Amino acid sequence: MASKFQEQSHFEDNSPSGSVHGAGGDAGAEQPNAPARSSDEASSTDHVQEKTAAAAPLTKRQKVKRHCGRFKWWYLGVALVILIILLPLLFTKIIPAITQDIVSSQKLPIMSGTFQALSPTELSVTLETQLDTPLAADIDPTNLFVYNKDTPDYSPFINITLPKIHANHKTPVKVTNQTVKVTNETELVKWFDQVFDLPKVDLSVKAKTTVHLGALKMGANIDKTISAGALNYLGGFGIKSLRLIYPPLDNGTNIKGTLNLPNAGVITLGLGNLTFDLYSGDINLGFINIYEVVLPPGNNTRNFDGRLYLNELLPNLGAILDSQSGPLAEGNIALVARGNSTMVNGMHIAYVEKVLNKKNLVATLPVFKLAGDIVNSFSGASNGSLTELLADTFGNSTFIEGLLAHWNTTNTNNTGTALNMRHSTPYGSRTIKAPATKSLLKLGLKMALAKL
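For clarity, every value in this text was computed on a predicted model and none was experimentally measured.

Visitor: I'd like a description of the overall build of the protein, backed by residues and values.
Guide: Counting its secondary structure elements, the protein contains twelve helices and 15 strands. In the protein, which comprises 452 residues, the share counted as buried stands at 38%. Considering only contacts in the protein between residues 6 or more positions apart, those separated by 24 or more positions represent 66%. Of the accessible surface of the protein, which amounts to about 26,400 Å², a share of 57% is contributed by carbon and sulfur atoms.

So, in structure tokens, the structure goes:
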């Protein structure tokens, strides 16, 4: 029986599939179901393809976007916390520090300027400098205090007011004819002394100012030391021409001429009316006046007048020639000009006098040129002659006769002997030591006489 069941249940490849209605079913019943099976298989295949497409990996951008979308509120909260912490630091620390760094980096070069003495307590100041900023900014008017950096205690001697400035990259800054008070004369004298002596002088400045960057307003400190060209001890000073006047004018003036007052710096100096004493060694020969002295940069030729103490020449001749032995050996005469007074509107300017009255300016004149200038002073003059001048100065004997009598009096070893100078109280008699000195002076005097 089992064998019979196995035979009946034998499955063949071409036998129709069973249905719910029977194991074998009929051919007519199977035909409608065949298409249904094909539709199910297609639907299953599409479903598998959709699952495969949905499982494709996300790009990096998509991942970031999905991550930010999930945690955006967390990030927003963190950003707000950071801003709350950083914004105060930005406006109270970072931007002011950047502004201060820009201010501190300014070189403030002195392009030009003028210091004009007005009175014992006032100066007129003109200055031109330059700012160089990486961005536009407005700077409030600023009081700039000028001082000497090497003074232990901070002691400004003047203060200059800078105008309101709109700075944008290279910006010129000018202060024009500003009257300033002298707040510390000692420090001003110290600075002027350096201006006179040195080729370059330091100018130190301090200030507190306010800088505007758009709507932002910040304080900044200025503390700079600037170098500028100075007078270099008036290198190149010299008397260019000299003329004797005889008889003297009513005020005693008996010499006039021109001299060179060089300014090697960039600052114009207005010093007023200057009086210099003239010396040969320790002998005061007279004085000269130079009026309304203003020294712009470069060489400056100025006229002078003054008085030569002619009646002091012969009594002090030995001392004078001793002091001139070096220059005369080279064919020159050296005169020393030393400051005596500085006047503006009838007032002494102490902060200039205290500087110039300690300086010795040496003017070197060739002997032949000096002799020629003296002779030309009387050529064609109707109011006097060189002979009258010498006779009036030395009495019955002329200056030339006195010199020749001295030169002809020598001892056996050809050493010059002393002149008998009865009127030379502080110096007594002096010995002329250099033969070259005597020979050059004698030659110059003979040439001068030849022109008379």
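Back to the text.
Visitor: Requested: an account of the packing of aromatic side chains, with residues and values cited.
Guide: All chains considered together, the criterion is met by seven aromatic pairs. For the pair Phe192 and Tyr351, a centre-to-centre distance of 6.1 Å together with 15 degrees between the ring planes defines the contact as stacked. One end of the pair, Phe192, is in helix H5 (residues 185-197); the other, Tyr351, is in helix H8 (residues 350-356), with 159 residues separating them in the sequence. Phe192 gets classed as buried once you look at its relative accessible area, which sits at 9%. Residue class for Tyr351 comes out buried when judged on its relative accessible area of 0%. Through successive ring pairs, a cluster of aromatic residues spans Phe115, Phe157, Trp191, Phe192 and Tyr351. Residue placement shows Lys206 over the ring face of Tyr154; its charged tip is 4.6 Å from the ring centre.

Visitor: Any chance you could break down the nonpolar core for me, citing the residues and the numbers?
Guide: By size, the foremost hydrophobic cluster in this structure holds 82 residues, and its most contacted members are Phe115, Leu123, Ile158, Trp191 and Tyr351. Not counting chain neighbours up to four residues away, the residues in contact with Trp191 comprise Phe115, Asn148, Phe157, Val201, Asp202 and Leu203.

Visitor: Could you give me a rundown of the side chain of Thr151, with the residues and numbers involved?
Guide: Assignment of secondary structure puts Thr151 in the loop between strand E3 (142-147) and strand E4 (158-162). At 3.1 Å, the side chain of Thr151 and the side chain of Lys190 are in polar contact. Sequence-distant contacts of Thr151, that is, excluding residues within four places in its chain, are made with Glu187 and Lys190.

Visitor: Describe the pairing of strand E9 (residues 255-260), listing the residues and the values that go with them.
Guide: The buried fraction of E9 amounts to five of the six residues, a majority that puts the element mostly inside the structure. Note: strand E8 (residues 238-244) against E9, six bridges, orientation antiparallel. The residue of E9 that forms the bridge with Arg243 is Lys256. Relative to strand E12 (residues 301-308), E9 is paired through six bridges, and the arrangement is antiparallel. In the strand pairing of E12, Leu259 is matched with Arg302.

Visitor: I'd like to hear about the pattern of salt bridges, residue by residue, with values.
Guide: For the coordinates displayed, the defined rule picks out six salt bridges. Here Asp193 makes a salt bridge to Lys359, at a shortest N to O gap of 2.7 Å. Of this pair, Asp193 sits in helix H5 while Lys359 sits in the loop between H8 and strand E15 (360-366), placing them 166 residues apart in sequence. Within this structure, Asp193, Asp197 and Lys359 form a network of salt bridges that share partners.

Visitor: Break down the pairing of E15 for me, citing the residues and quoting the values.
Guide: Only one face of E15 is buried, namely the one carrying Leu361, Ala363 and Leu365, since none of Asn360, Val362, Thr364 and Pro366 on the opposite face is buried. Bridging between strand E13 (residues 332-344) and E15 involves seven bridges; their strand directions are antiparallel. Paired with Ile333 across the two strands is Leu365, which belongs to E15.

Visitor: Describe H5, with residues and values.
Guide: For H5, built from 13 residues, the straight-helix expectation of 18 Å at 1.5 Å per residue is met to within 8% by its first-to-last C-alpha distance of 18 Å. Among the residues of H5, those classed as buried are Glu187, Leu188, Val189, Trp191, Phe192, Asp193, Val195 and Phe196. Where H5 is buried, its residues touch strand E1 (112-119), strand E2 (122-139), strand E6 (200-213), strand E10 (267-280), H8 and E15. Where H5 begins, the side chain of Asn184 points an oxygen toward the backbone nitrogen of Thr186, at a separation of 3.3 Å.

About the cut-offs
- Residues numbered from 1 in each chain as written.
- Predicted model: local features only at pLDDT ≥ 70, side-chain atom pairs only at ≥ 80, totals over all residues.
- Heavy atoms only, no water.
- Helix = DSSP H or I, 4+ residues; strand = E, 2+ residues; numbered from the N terminus.
- Buried < 20%, exposed > 50% of the residue type's maximum accessible area, 1.4 Å probe, protein only.
- Contact = heavy atoms within 4.5 Å.
- Areas by Shrake-Rupley, 256 points an atom, 1.4 Å probe, with all protein chains shown as cover.
- Phe/Tyr/Trp six-rings, centres within 6.5 Å; stacked < 30°, edge-to-face > 60°.
- Lys NZ or Arg CZ within 6 Å of the ring centre and 35° of its normal.
- Core = buried A, V, L, I, M, F, W, Y, C linked by side-chain atoms within 4.5 Å.
- Polar contact = N/O pair within 3.5 Å; in protein donor to acceptor, adjacent residues only side chain to side chain.
- Pairing = 2+ DSSP bridges.
- Salt bridge = Lys/Arg side-chain N within 4 Å of Asp/Glu carboxyl O.
- Expected span 1.5 Å × (residues − 1).

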